[in-house]
Amino acid sequence: MADEAPLQINPARERAVKRSLVRNAVLWGPVFLATVCALVYFTYDRITGPEHGGTWFLTGVLTFFSIVFLVPALGAVRDLRRGPTEVSGTVARKWTKRDSFVIKSWYIRVGRNIYRGDQETLGDIIAGDVVTLRLYRHSGVVLAIRRETPPEPVEPEEQDGPPPQPEEPIQPRSRAVRPEF
């Protein structure tokens, strides 16, 4: 059913993706830590401080930004520690989007997850293909992809005679029927 040949990974692409993960960890990790420190300080100040301490609105905003900065930092660190993994599945959807109005990224959805790649990697894949992906799972970046041969569909057996009819005819549902009392 599947080709047993290993996925061909472009070494330049792998180095570029790994540099991107290191850059995300180095950039967003300290920003996340600074935001959490500010959140702890202003929450403590608001709870124990004098009447003119910090506001609850500020702690809410700092909580929101802490979560926003945690996601890329944690994903990059987890991917750097674990390395790339392989995932198999059927491509449910494929689309492109311009990130920052400049760089065109290619996206596919396999199962419930969305993965990102470039045109060289995902350019010839279409929705409905059965694929094996080599990727960084937490960042969703595809390193390599291989199209698999889908299993043969099982055709239903043909029945002799006409199909069975329902016991009572189907009523059109165009208008509501008023019950009679």
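Structure first, text after, so check above.
Residues numbered from 1 in each chain as written. Predicted model: local features only at pLDDT ≥ 70, side-chain atom pairs only at ≥ 80, totals over all residues. Heavy atoms only, no water.

Enquirer: Before we go on, may I ask you to explain the packing of helix α1 (residues 11-48) against helix α2 (residues 56-82) in this structure?
Expert: One can describe the packing of α1 onto α2 by two numbers: an axis separation of 7 Å at closest approach and a directional angle of 150°. When the axes of α1 and α2 are compared, the pair comes out roughly antiparallel. At the point where α1 passes α2, the crossing takes the left-handed sense. In terms of residue class, the contact of α1 with α2 is built from 22 nonpolar, seven polar and three charged. (Axes fitted to C-alpha atoms, helices over the stretch in contact; angles between N-to-C directions. Helix = DSSP H or I, 4+ residues; strand = E, 2+ residues; numbered from the N terminus. Parallel < 35°, antiparallel > 145°, perpendicular 65-115°, else oblique. Left-handed = near helix turned anticlockwise from the far one by under 90°. Nonpolar A, V, L, I, M, F, W, Y, C, P; charged D, E, K, R; others polar.)

Enquirer: In this structure, what is going on with the environment of tyrosine 115? I would like to understand it.
Expert: Among the secondary structure elements, tyrosine 115 is positioned in strand β3 (residues 113-117). Spatially, the C-alpha atoms of tyrosine 115 and leucine 133 are 9.5 Å apart, while their sequence positions differ by 18 residues.

Enquirer: Looking at this structure, I do not really get the pattern of salt bridges. What am I missing?
Expert: Any two side chains of opposite charge can pair, on the condition that their charged atoms come close. Tallying each qualifying case throughout the model produces three salt bridges. Between arginine 147 and aspartate 129 there is a salt bridge whose closest N-O contact spans 2.9 Å. Here arginine 147, found in strand β5 (residues 141-148), pairs with aspartate 129, found in the loop between α3 (119-122) and β4 (130-136); they are 18 residues apart in sequence, far enough to count as distant. Looking at aspartate 129, the relative accessible area reads 11%, which means it is buried. (Salt bridge = Lys/Arg side-chain N within 4 Å of Asp/Glu carboxyl O. Buried < 20%, exposed > 50% of the residue type's maximum accessible area, 1.4 Å probe, protein only.)

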